[in-house]
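These are the residues of each chain, in order.
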Amino acid sequence: MTRTPPAPAGSRAPASRTPASRSPASGAPASRASASRAWTVAARPVDDPLSAVLLREYLVDVAHRYYQHHERRDATPEEIERAFAEMGSDDLAPPHGVFLLAHHDGEPAGCAGLRLLDDRTAELKRVFVRPAQRGLGGGAALLAAVETAAGELGAGRIALDTRLDLVEARALYARHGYREVAPFTQGRYAEVWMAKELG
């Protein structure tokens, strides 16, 4: 993920259409340096059909990675359907949660969810960027929008659990100020716990 600051959540900045010349500020190709400015992130109902599409893609992605890591195979359709039915995202909705959908150049490209755990802590869930848009700043854009949304929910802290095999996700969180903390959840897929204080 690029460290270029994302556009503010809910705003739309024009994407660069120029050839990939060097950006004098970063030394990176200008098209890459401007890529994160093409991201927009906004709340969307978690039961919206487009939200469901992104949530399913998220689940398929992490399920295949889990079974590849542990059993050297993809998840079966039955395993995916069972996990999707068990996943439960209804609490990523007001008044105690939010679901965010990210677009890149106007195309749906990622998602993230938040739900309040207590009066000051929001739990980060379902962070996903479609493979074709990875490396363009989508993770950074989502995390910036997540922090804004957490503040609007009244939270001063964001916490999450993740898996050891999701190396890129853990690196993304660490780059954005999340640090490992003591376990606060239990479950088959909770292996690493992280949190970030806001403000």
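First, a word on scope: everything that follows refers to the structure included in this document.

### Points about the pairing of strand 4 (residues 121–129)
Phase 1 of the analysis: Taken across its nine residues, strand 4 has eight buried, putting it largely inside the fold.
Phase 2 of the analysis: Looking at chain direction, strand 3 (residues 107–116) and strand 4 are connected through six bridges and run antiparallel. Counterpart to Leu 114 in the pairing with strand 4 is Leu 124.
Phase 3 of the analysis: Linking strand 3 back to strand 4 in an antiparallel pair, the connection comprises four residues.
Phase 4 of the analysis: Sheet topology places strand 4 next to strand 5 (residues 157–162); three bridges connect them, and they run parallel. Among the inter-strand pairings, Thr 121 is bridged to a residue of strand 5, identified as Arg 157.
Phase 5 of the analysis: Handedness of the strand 4-helix 4 (residues 138–152)-strand 5 crossover: right-handed.

### Let's talk about the packing of aromatic side chains
Phase 1 of the analysis: Per the stated rule, a full pass over the model turns up four aromatic pairs.
Phase 2 of the analysis: Measuring from ring centre to ring centre gives 5.1 Å for Tyr 66 and Tyr 189, while their planes differ by 85 degrees; the resulting arrangement is edge-to-face. Placement of Tyr 66 in helix 2 (residues 49–71) and of Tyr 189 in the loop between strand 6 (179–180) and strand 7 (192–197) is noted, with a sequence separation of 123 residues between them.
Phase 3 of the analysis: What makes Tyr 189 partly exposed here is its relative accessible area of 38%.
Phase 4 of the analysis: A cation sits over an aromatic face here: Arg 56 above Phe 84, 4.1 Å from the ring centre.

Definitions and limits used
Residues numbered from 1 in each chain as written. Predicted model: local features only at pLDDT ≥ 70, side-chain atom pairs only at ≥ 80, totals over all residues. Heavy atoms only, no water. Buried < 20%, exposed > 50% of the residue type's maximum accessible area, 1.4 Å probe, protein only. Helix = DSSP H or I, 4+ residues; strand = E, 2+ residues; numbered from the N terminus. Pairing = 2+ DSSP bridges. Right-handed = clockwise from strand over helix to strand, strands pointing away. Phe/Tyr/Trp six-rings, centres within 6.5 Å; stacked < 30°, edge-to-face > 60°. Lys NZ or Arg CZ within 6 Å of the ring centre and 35° of its normal.

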